[in-house]
Amino acid sequence: MSTQIYRALELMLRSSCCQTIRRRSCLRNAVLAPTACVPGGPVFPKRAYSLDSLGPGRPSLGHSLHHPGSERTSPSSALVHRNLSAAAVQGQFRPLCRYDYLDLGEVEENVRRAQACKKTRHFIVDPDLANAVAQHLGPDLQDSKSVIFECNPGPGVLTRALLNAGAQRVVALEGDKTFLPDLQEMEERLDGQLEVLHCDYFRLDPIGSGSVKAPTMFTDKLFTDLGISEAAWTDDVPVKVVGILPQRNERGMLLKTVYALFERLSVFRYGRIELNLFISEKEYRKLVSPPGEMRYYRAFGVLWQMACDIELLHKEPWESFIVSSRQSVPSSKGKFPNDHLCLVRLRPRADLFSAGLTPSNASTLLMMVKQCLAKRKVKLIDRLNLWSPDSGSKLLSELGLPEDILTGNVYPAEYLRLFQLMDKSQEFTQSWLYEEILENTQREGWG
Amino acid sequence: MEKLSQEKKNKLKKQQHLEQKMQRIVKEKPLGQSKGSKSSLMATGTSHKIISSAAKKSKADMKLSDKIYAAASSTTAVAAATSAKAAVAPKAPKPKQKDSKSKVSDKKAAKRATTEGKVKVKDEDLANVAELKQRLNQQGQDWTSLSTTDSPQDGSKGSLCGDIQLSIRSYLEACVFVGDIERSQSFLLSQHRVMSRRKYLTTDVYNIMMRVWAKRGMLNQIGRIFILLEEAGLKPNAGSYSAALECMGRQQNCSPKVIWRCLNKMREDGLSVDDLFSQCVFRQDERDMLLRAIHTVKPDYEPSLSLNASQCSSPLVQDFYTKREHHTYPKLDFTQEELQERFKRQLSVEEACTVTIDSVEGLKPITENMAKMREMLAEQRAQWHKVLLQALRESKMILAKTNTKAYKLDLYPYLCLLEDKEYVDIMIQSVTNMPPSGESLKILARDVGNRIYTKYCVRQKHQNQTVEKLGSIYDAYTDLLAKDTKVYNVLPREQWCKLEMEQHSGPTLQGGETTWPYILILELGTFIVDIMVKNLKINSDILNPAYDRKLIPILYHMYTFRSTRQVGFIKPHPILTQMQQEAMETKLTFDSSVMPMLCPPVPWTSVKFGAYLLTPAKLMRTLDGAMQHEELLEKCENLHPVFDSLNQLGNCAWRINKPILDIIISIFNERGSEKLDIPPPLSEAPKIPHFHPQDPTYTASEKAHMKREVINAKKKCSEMHSLRMDALYKLSIAHRMRDELFWFPHNMDFRGRTYPCPPYFNHLGSDVTRAMLVFAEGKPLGPKGLDWLKIHLVNLTGLKKRSSLQGRLEYGNSIIEDILDSADDPLNGKKWWMEADEPWQALACCMEIANAVRSPDPTKFISHFPVHQDGSCNGLQHYAALGRDVIGATSVNLVPCEVPQDVYSSVAQQVEELRARDAAKGLKIAQVLEGFISRKVVKQTVMTVVYGVTRYGGRLQIEKRLKEIDEFPKNHVWDASHYLVRLVFNGLKEMFTGTREIQDWLTESARLISKSGHTVEWVTPLGLPIIQPYHRTRNQVLKSTMQHINLQISHDAKERPDTVKQKNAFPPNFIHSLDSTHMMLTSLHCYSAGLTFVSVHDCFWTHALTVDTMNKICREQFVALHSQPILDELSNFLLHKYCSTIQTEARTKKYQEYRRLLLLLGKVPQTGEQETG
C-alpha cells in the first residue's frame, strides 16, 4: 500500500515539475513576444564596421578570387574610401553599406509579388513582423559571428529587416527563380553583407538519384561554396537558419532534420546549426508535448527535446502571412489549436554527444526511442525485456525509475540515459535491436 | 450544318405540334391534380413554357434545358415519360421533397430563360445536346433491360452498411454452425431490440434463425420470427417461407390447414411455390422436407425448373452458341473411370485443406548438423504445439466468460469453428513459413484468417452434405470429358447445369456461404498471431551453450518505420531462423489451393461456384474487402461466354517436362545459377561483414562505409532468400507432380484478364516454370509442325525479330547443329541455349526438335510441346484497330506484310533520325547519344506508353536501359533519358495518330465522370461488367491488443472516386478489357474447333499441329471484335449510365458540368477509314 502511494506521489511530482518548467518558458515568450515588435520604426545600430565580426569561414575578402563578388574591390581596403567618396558624390551609385537603412518596400507591392508565386508558400510581408523576427535572431545581431541562412525570402522583407538589424552576413536561399532578380539586385547594391543563391533549403540533400539541379543542392556544395568549414560540435553556432517551414510536409521535414542531427549528417556536419523556424502551432505543440500526454508524446518530440533547447520566440496568427494560393487557413482537426505560426528556436545542445552517444551509434538510439514510443501505454520494462530478456528491471533500477513505468511517462533525458546504459551493457549488443537498426537506417524518415 | 438545321426545323415543327397538344392537356388538368404522375407533370410543365418562348424568341436564344425537353418530347410522349421516370428513379432513395423542389426551380429557370434569354450557346452544341438526349431516350428501353445499368446510388446503397451486415450474418452463421443456438438466438434478439442496430438487419438474417428452428420442427419459434420481421418493417421472402414450410414438413402430422395458410400468405406476398425452389439455397434435406410439406396439400406438385437458357446478347458469340453442328469440342485423353478416380484424390486433398510435400532440397544428402537441427526443431514443435493448445483453450475460456453483452460481436464463435488442434496447426504452419526478415502483422493476420475461413468453408460443405452430391454430379459430368464416352455438343457449363437440375433433390451445390468481411479476417488473424507471439518461447542457449539459459520468445512484435508511418511487424528471432535454415527440412506444408488440381476443375456456372471442388475461389480477383465487383457480377444476367472461356482454359491438362525439371533441380541443389535464373542458396550469399560500431580504430567515414556494406549485404541476403524460397516452392510442387497429370483452375482480375488460381507454380510464371510444363495431351506434328517448332525456338532466342517467318525458319535450320548439341549435352556441350532470351524454354524446345527429327517420321511424331504465338505490342494493336489507323496498324502487324513489322525497331529508327538531326544542330546530348539508340532502349517504354506510362515512368525505364550499357557515360544518363523519352513520346504520337486521340478521349471522359462523383464503369463486348475500384482513401482502425492496425481502404464505393487514378487508369484498363475479350473469344472458338488452347494474356499457346488454325481463329476474332462499333457502344453506355439523370438547373455549376460530360461522351473520336483486314 505504502509503496503504491509513494509511487503515485513520485509520478505526480515528476510530471508537475516538468510542466511548470516548460510552462514558464512558454508563457514568458508568449507574453514577451509581441512587445518585441517596435512599432515606431526600426532601430538600426550604428557601429564601426569590423572584419572580426564576419562569420566563420568567410572567404578572406582581401584576396578572394573565386568569390562571385570578387570583381568588386575588396571592402576592407576600399571601405573607408568608398564611403567618403559616396558621401562626396551624392546620388551616384555606390554599394550600400550597413549604415544605410534599407527600405522594406511598399506592403502592397510586396503582397502582389508574393502572391504571384506559383507554389503554395507563406511570406512575411508585414514590416513589423519582419523586424520582430530580426530582433529575435539577435539580440546583438551585429556582434554575432553566425552566418544567417534565410530560407525562401521571397520579396525580401525579412532580408532587409535582418540587414537593418545589423546582421553581418546573410545568405538568402531562394528556391523560386522569379524572386531572384530583385534579390540579386539588392545583393549588388550592398557591400557583401548579403549573398543570394538559387537554392531551396528544404530540398537540400535529395535522396533519389538523378542529376541535382538548383534549387536542389547538396549541403557540402552549399557550404563549400560559401566557404564555411566543418566545426566541432561544441563550438559556437556557426549558422542560424531562419525561415518558414513548408506546410506540405512539415512533420516529414522535421523528422528528417532530427535524424540528420543525431547522425550529424546534412547541415549538421558543419556544427550546431541553429534553426529558427516558423512551424504551425499544432506541430509545435506536438514537438514540445511532455511525457504523460499519451496522444502526442511521440518519438518525434522526444528526439527533438533530447537534442535541442527548444524555445518559442514568437507567435503570429496565420493571417499575418501572405499565402500564395487560395487555400485558407489550415483547420485544426486535432486537440491542439492551430491559429498561429510559431517561431521556434531549435538550438542543438552542445553536450549532446558526450557520455556515450556518438553520431555512429545514434541510429540505435533513434530506433530504441521509436520502438518504445510506437505505443505509449505499454510498460517500458516489457520493451526492454523484449530486447534482452530479464535485463529490464536491472536497467530501470539503475535509472531510478519505477518498475511499472509506461513508455509514455519517461522523459527524453531519461531515454538518453537509458540508451547510454544499454550501449554499455554486453547483453544488448547481442540483441536484435542492433541488427534492426542497421537494416532500417536508410529508410527511416528519408523516404 | 445544313443538314443539322434542317433537322432542327423539323424538330421544331414537331415540337410545336406537340406543345399545343400538351397545352391543351395542361388547361384541362389543374396542376394540382396531375401531381400523381411525376413524369407527365414534368413534361407538361416545361413544354408549357416552351410555347411562349417559341413564339417570342428565335431558336438560338432558346434555353438549353428547354431544348432538351423539347427534343425529348418530340420523339413520342411515351419516350418522354420514360425518360422523365429514368431521371427521377435514381433520386428515389432521397426524400421526395427534393423532387418537387427541383420541379419548382425547373419551372422558374424556364421562366427566367424565356424572359431574359441571356444564355446563348452555340447552335451546334445545342443540336448536339439535343441529339444526344434523343439517343439516350431511344436506347433507354434497351438499357433498362440490362440490370447492370442500375443507378450508382442504388448500387452503393447495398454496400452502405455492407461490412456491418456481413459481420452480423457471419457471426450468426458461425454460432449456428457450432450449434450454439442459445447464443445465436439471444444475439439476434438483442440486435433486433436495439433500434440503432436493427436497421442493419435484413430478412436473410432473420431467416438464418428460422432455418435453425425449422430443423428442430419448432413452428412456434418460426412464427415469432415472422412477428419480429413485421416489427422491423421487413417483408418475409422466399427463404422465410421455405423455412416455415420445411418446418411443417418435418412435423409428423402437420395439419394441411396450416400449410394452406402459409401458402396463401405467400401468394399474398407475391411468391409462388416455384419461386421457392428456384430462389432458395438448400442445405442437407431441407429441399425434401419442403417438398413433403407441399405434397401434403398438393400431392402431385413437381417443381418446374427451367434451365437458365437465356442466350448471350453479344453478336460476337451468337453464332458460337446457336450454330453448333460443326463444333468438335475436345475430349480429354482419359477414361471416365480415370477421371472419377482423380476426382476422389483431389477431393481428399481439399478435405485436408493442407498438403505436405517433399522439398526438392530433401534430395540432398543429410549432414550431421542437418540431422541435429531437424531433431531439435521437431522437439521444439511438439513443445510449441502443447503450449499453443493450452494457450488457445485458456483464451477461449476468458472470451466466453467476459462477453456478457449479447449484442456484442466477439470472436468466440469463430474460435469454435474448427478443432482446437486445427488452429494450432495453422499457427505452427505460419511459424514454419515465416521469412527471416519477418512479415507485417497485417499480412500475417490476413493469411491466418483466410486459412481459418477456408477450413470453415470446407467443413460447412460437409455439414450441408453437399460433398456427396458434388461427387455424384461430377461422376456424371465426366461423361462429357472422357474419351471413352459419346460425343456431346454441349459445353461443360451447360452440362453441369443440366446435371444439377436433373439431380435436384438434396442440397444445392452453391451453398450461399457468407464471405467474411475483411476486417473480421484480420481481427481473427491478429488474435491468433497474438497467441503465438505471447506463448512461443525457446531456450536462448539452444544453439550456443555459452549463453545464459533464458526463455526467449521466438517471435517478436516490433515496428518498422516508413517515412512518417509505422508498420507493425512480426519477426522471428535469429535463433529460429538459423535453426530453420540449417535444418533444410524435407517437408513443405502448403494450403491445398496452392497445388494444381488432380482432376478437371468444376466448371464455373455462377459467380459463386466453380474452380476447386471444396476450396472457395473467387471468380474475380479483387482487393481485399472490395465488394463492388461481386455485386456488379451478381446483377449481371449473362456471363456465359466468360464462364465458358474460363472453363476452357481450366480444362487444359498439363504434365511435367521431366528431363528439364531434373536439370533444373540438379542446378538448384548445386549452387544455383544467376545467369540461368536459378536462385543460388544462401550459402552463396555475400558474407555480412562484422564490425563493432564502438571500435575506436575506425574513422567516422570508415564506419559509415562499413555500415553501408552491412546494409547492402543484408538486403542482398533477404532478396536471395525470398527468390530461393519462391523457386523452392515451385520446384517442389513440380517435383511432386512429376508423374501426374494436372489442371489449373482459372479466374480473372477485374478487367477480365485471366489467371490460373494456384499462385506459385503455373504457366504464367517465369521462363523456368514455363519450361517445366508441357501439355498432357500429345498431337502429331503434322506437315508443318516441325517448322513451327523451329520458328518458335528462334523466337525464344530473341534474335531475328525483323525477319520473316521464312527467314526465321532458315535461321533455325542453319543452326541445327547447335540445337542438337544443346539437346544432347545441355550442361557440358556448346551451351548454345544458354545465350537465348528464354534459355530454359529454348532448351526444352531444342530437346523436342531433336526428338522429332530423330523419329522415323517427324510428321507423325507425337508432340506435347506448347508453341507460343505472341501478339506484337497488343495495346497498340487494339488502339490502331479502334482508330482504324492504317499506318499504325501496319507497324503492329495488323495489316498483312511480307516481313513482320517490329514497332519497337521502327520507333527506335525514328528516334535515331530525330537525334541525328538534333546532333547536327549541335545539341550536346544528341551527340553524346550517337550509336546508343537501339530497339532495346525504347522497347519497354513503347510497350507501356499504351498502358498509360507517364513521361516520368518512361524516363526511369530508359534511364535503366542506358545504365545497363557499360560504354555509355554515366554522367549523361539523366539528361539523355530526359531527351530520349521526349523523342519516343513524340515519335509514337506521329506514328499512331488515332491512338493519342482515343486515349485522350478516354482519359477526359473518365475525368469528367469521376468529377461528377461516379466511378467509371463499362461493359466489355462480351458483356462482362467492369468497374474501377479507385476511391479516396478511408482509414479504418482495427484495435487489437497487440497494436492498432490502420487500414487504408482505397476501394470503398461509398467514398468519392479518386479522380487522378480513375482517369489515368481508364485507357489502360479499357484496352486490357479489350485484349481479354479478344483472348476469350479466341479461346471459345478454339474450343469449338477442338484445339488445345491456353493463354498468357496476349501470348497464345497450342500444339505445333494446330498453330495455323489458332492463328486463323485469333485473326478472325480480332477482326470480328473490331468490326463491332466498340467506341460507339462505349459512348452509348457511358451516356446512359452517367447522363440519364437530366439536370435542369441551367445556370448552376452542376448543369454546366453535366453538359460538358454529355457533349464529351457523345463525341466519339473520329476514326480512319473502315478496313476489314
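Located above this text is the structure these notes cover.
Note that the structure is a prediction, hence the values are computed from the model and not measured. (Residues numbered from 1 in each chain as written. Chains lettered and ligands numbered in written order. Predicted model: local features only at pLDDT ≥ 70, side-chain atom pairs only at ≥ 80, totals over all residues. Heavy atoms only, no water.)

Asks: Just give me the short version of the overall build of chain A, but keep the residues and values in it.
Replies: Along its length, chain A carries 16 helices and nine strands. Expressed as a percentage of its 447 residues, the buried residues of chain A come to 55%. Of the contacts made within chain A by residues no fewer than 6 positions apart, 77% connect residues no fewer than 24 positions apart. Total accessible area computed for chain A in this model is approximately 20,100 Å², and 53% of it derives from carbon and sulfur atoms. (Helix = DSSP H or I, 4+ residues; strand = E, 2+ residues; numbered from the N terminus. Buried < 20%, exposed > 50% of the residue type's maximum accessible area, 1.4 Å probe, protein only. Contact = heavy atoms within 4.5 Å. Areas by Shrake-Rupley, 256 points an atom, 1.4 Å probe, with all protein chains shown as cover.)

Asks: Describe in detail the nonpolar core, supporting the description with residues and values.
Replies: Residue and element names in this part refer to chain B. Core analysis: the largest hydrophobic core is formed by 135 residues, its most contacted members being Leu 470, Trp 496, Leu 613, Phe 968, Leu 980 and Phe 1070. With 11 residues, the single largest contributor to this core is helix α43 (residues 1059-1088). Counting residues in hydrophobic clusters, the runner-up holds 105 residues, among them Leu 245, Cys 254, Cys 280 and Ala 583. (Core = buried A, V, L, I, M, F, W, Y, C linked by side-chain atoms within 4.5 Å.)

Asks: Account for a positive patch on the surface, with residues named and values stated.
Replies: Residues Lys1011(B), Arg1032(B), Arg1056(B), Lys1149(B) and Arg1156(B) make up a contiguous surface patch of positive charge. Structurally, Arg1032(B) can be placed in the loop between β19 (1025-1027) and β20 (1034-1039). (Patch = residues over 30% accessible without salt bridge, like charges linked within 9 Å, V, L, I, M, F, W, Y side chains within 5 Å. Salt bridge = Lys/Arg side-chain N within 4 Å of Asp/Glu carboxyl O. Lys, Arg positive; Asp, Glu negative; His and termini not counted. Charge placed at Lys NZ, Arg CZ, Asp CG, Glu CD.)

Asks: I'd like a description of the sheet that holds strand β17 (residues 866-870) of chain B, backed by residues and values.
Replies: Residues and elements named next belong to chain B. The strand order β17-β23-β22 describes an open sheet built from three strands, whose pairing is antiparallel. The open sheet is flanked by β17 and β22 (1094-1096), the only strands paired with a single partner. Direction aside, neighbouring strands of the sheet carry axes that sit 30° apart on average. Where β22 lies against strand β23 (residues 1099-1103), three bridges are found, and the strand directions are antiparallel. Bridge pairing in β23 links Ser 1095 to Phe 1100. (Pairing = 2+ DSSP bridges. Axes fitted to C-alpha atoms, helices over the stretch in contact; angles between N-to-C directions.)

Asks: Residues and numbers for the environment of Leu389(B), please.
Replies: Residues and elements named next belong to chain B. Along the chain, the position of Leu 389 falls in helix α19 (residues 368-402). For Leu 389, a relative accessible area of 18% corresponds to the buried category. For the pair formed by Leu 389 and Asp 420, sequence separation is 31 residues and the distance between their alpha carbons is 6.7 Å. Leave out the neighbours within four places in its chain, and Leu 389 touches Asp 420, Lys 421 and Val 424.

Asks: How would you explain the pairing of strand β5 (residues 555-562) of chain B if you had to name every residue and give the values?
Replies: Residue and element names in this part refer to chain B. A large share of β5 lies buried, amounting to seven of its eight residues. Note that β5 and strand β6 (residues 565-572) share eight bridges and pair antiparallel. Across the sheet, residue Phe 561 finds its bridge partner in β6, namely Gln 566.

Asks: Talk me through the packing of aromatic side chains; I want residue IDs and the actual numbers.
Replies: For the structure shown, the criterion picks out 39 aromatic pairs over all chains. Each residue in the set Tyr171(B), Phe177(B), Phe187(B), Tyr414(B), Tyr453(B), Tyr456(B) and Trp516(B) is aromatic and connected to the rest through ring pairs, giving one cluster. If you follow Arg251(A) out to its NZ or CZ, it ends over the ring of Phe300(A), 4.8 Å from the centre. (Phe/Tyr/Trp six-rings, centres within 6.5 Å; stacked < 30°, edge-to-face > 60°. Lys NZ or Arg CZ within 6 Å of the ring centre and 35° of its normal.)

These figures come from the coordinates and say nothing about function on their own.
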